[in-house]
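Structure assessment
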Amino acid sequence: MAKTEVPDQSHQAKKRFGQNFLVDGNIINRIIRAVAPQSGQHLVEIGPGLGALTSHLIDKKCQLDVVEIDRDLAEKLRAQYGQANGFQLHLIDALKADFGSLTKPGAKLRIIGNLPYNISTPLLFHLLTFKEKIADMHFMLQREVVDRMGSPEGKKTYGRLSIMVQYHCHVEPLFVVPPSAFKPAPKVESAIVRLRPRARTIMAQDPAFFSRVVNVCFQQRRKTIRNGLKSILKELPEDCLSHIDLSRRPETFSVEEFVDIANALSALRRPGTE
Ligand code: SAM
């Protein structure tokens, strides 16, 4: 039988900040076990809310920075944890936070967050701009988003999000969390995912162009990649991708193959073309 935490009754959950507070003690413990914080590490929690995860992170002898946008919650958090060793609260929009400025020499950041679903993808891409300074990230996201992130090629769930996230990170879906674990309960299932920034052996020479190539190909995922790339290929010699079977559909191409296509095309593009 799952232990239920009693949320702070004096706080009215705000929809605009995606506030669904974790109340299932078993799930909270599972998340903390998955993160396994060790003393001396530098943790950053995004959206601590009423402290369901924070209270378990605070006593691990870690540096713990928390980033919260809601002024009312920030006040409560400050009152409850403000005096704790290594605790630092930042009342700021995580989408605008300079996570790089939090790091200290020798310790990469470990990011944790039960994220508001409406900002989870832009926030992830914002965080990836600091990926050299991040050891790993554990997020609670919509299950469907985790399925897409971790999807191998060839599956229905494989697409732009899978490729862009897997290009930057190892993706490890951990476990599913039912709506009943939250108050108020969301309409959909959630899941915990672990992301570890990776160093790639084959890098996209022009990351913005790589993203554009993936984007145009998946605008028409049921068509061949030749069709998807039409707008780019018309500027280039016909045989520029002769080593690639252009009659395949985009969802059959691996991340590495997309990098290869983007690099081959970007080498041929005229300087200054978008
Ligand atoms: N961590 C708590 C828990 O598990 O019960 C709360 C999770 S709740 C789904 C999301 C939290 O993120 C809320 O505390 C909300 O105020 C905060 N939040 C929403 N948008 C944010 C933003 N742009 N920057 C920082 N925090 C944000």
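To start, this report covers the structure provided alongside it. Because the structure is a prediction, the values reported are computed rather than measured. (Residues numbered from 1 in each chain as written. Predicted model: local features only at pLDDT ≥ 70, side-chain atom pairs only at ≥ 80, totals over all residues. Heavy atoms only, no water.)

Moving on, we come to the overall build of the chain. When helices and strands are tallied, the chain shows 10 helices and 9 strands. Burial analysis of the chain (274 residues in total) assigns 48% to the buried set. Restricting the contact set of the chain to residue pairs at least 6 apart, pairs at least 24 apart contribute 64%. The positive charge centre, built from 39 side chains, and the negative charge centre, built from 29, are 2 Å apart in the chain. (Helix = DSSP H or I, 4+ residues; strand = E, 2+ residues; numbered from the N terminus. Buried < 20%, exposed > 50% of the residue type's maximum accessible area, 1.4 Å probe, protein only. Contact = heavy atoms within 4.5 Å. Lys, Arg positive; Asp, Glu negative; His and termini not counted. Charge placed at Lys NZ, Arg CZ, Asp CG, Glu CD.)

The subject of this paragraph is the nonpolar core. In terms of nonpolar packing, the biggest core is built from 30 residues, with F99, I111, L127, M137, F139, M149 and L195 touching the most fellow members. Broken down by secondary-structure element, the contributors of at least two residues to this core are β2 (42-46), β5 (109-114), α4 (120-128), β6 (134-142), α5 (143-150), α6 (160-168), β7 (169-177) and β9 (190-197). Among all residues touching L127, those that are not within four sequence positions of it are I46, F99, I111, I134, M137 and F139. Among the nonpolar cores identified, the runner-up in size contains 28 residues, and V216, F218, V259 and A262 belong to it. (Core = buried A, V, L, I, M, F, W, Y, C linked by side-chain atoms within 4.5 Å.)

Once that is clear, we can look at the sheet that holds β6. Pairing between the strands of a sheet comes from backbone hydrogen bonds, and it takes one of two forms, parallel or antiparallel. The strand order β4-β3-β2-β5-β6-β9-β7 describes an open sheet built from 7 strands, whose pairing is mixed. The open sheet terminates on both sides in strands that have one partner only, identified here as β4 (87-91) and β7. Taken over all neighbouring pairs, the strand axes of this sheet differ in orientation by 15° on average, direction set aside. The pairing of β2 with strand β3 (residues 63-68) spans 5 bridges and is classified as parallel. Counted as the bridge partner of E45 is V66 from β3. Across the sheet, helix α3 (residues 71-81) is in contact with β3 and β4; its angle to β4 comes to roughly 165°. (Pairing = 2+ DSSP bridges. Axes fitted to C-alpha atoms, helices over the stretch in contact; angles between N-to-C directions.)

It is worth spelling out the packing of aromatic side chains at this point. Scanning the model with the defined rule gives 6 aromatic pairs in all. Geometrically, the ring pair formed by F99 and F130 is edge-to-face, given 5.9 Å between the ring centres and 70° between the ring planes. In this pair, F99 is assigned in the loop between β4 and β5 and F130 in the loop between α4 and β6, connecting sequence segments 31 residues apart. The burial state of F99 is the same as that of F130; both residues are buried. (Phe/Tyr/Trp six-rings, centres within 6.5 Å; stacked < 30°, edge-to-face > 60°.)

On to the site of the ligand. Around the ligand sit 22 residues in total, of which L22, G47, E68, D93 and N114 are the nearest. Between an oxygen atom of the ligand and a main-chain N or O atom of G49, the distance comes to 3.3 Å. E68 is positioned such that a nitrogen or oxygen atom in its side chain is 2.5 Å from an oxygen atom of the ligand. Summarising the interface, the protein chains cover 98% of the accessible area of the ligand, which totals 600 Å² for the free molecule. Of all elements in the fold, only β1 (21-22) and β3 reach the threshold of two or more residues within the shell around the ligand. (Near = heavy atom within 4 Å. Polar contact = N/O pair within 3.5 Å; in protein donor to acceptor, adjacent residues only side chain to side chain. Areas by Shrake-Rupley, 256 points an atom, 1.4 Å probe, with all protein chains shown as cover.)

Side-chain pairs of opposite charge can arise whenever the charged atoms involved come near each other. Taken as a whole, this structure holds 8 salt bridges when the rule is applied. Between R110 and D136 there is a salt bridge; the shortest N-O distance is 2.9 Å. One end of the pair, R110, is in strand β5; the other, D136, is in strand β6, with 26 residues separating them in the sequence. Judged by its relative accessible area of 9%, R110 falls in the buried class. Take D136: its relative accessible area is 10%, and that puts it in the buried class. Salt-bridge contacts for R194 lead to E172; the nearest nitrogen and oxygen are separated by 3.0 Å. Pair noted here: R194 is in strand β9 and E172 is in strand β7, with a separation of 22 residues, a long-range link. For E172, a relative accessible area of 31% translates into the label partly exposed. Because the salt bridges share partners, they merge into one network encompassing K14, D70 and D72. (Salt bridge = Lys/Arg side-chain N within 4 Å of Asp/Glu carboxyl O.)

Note that all results are geometric; they support no functional claim without further evidence.
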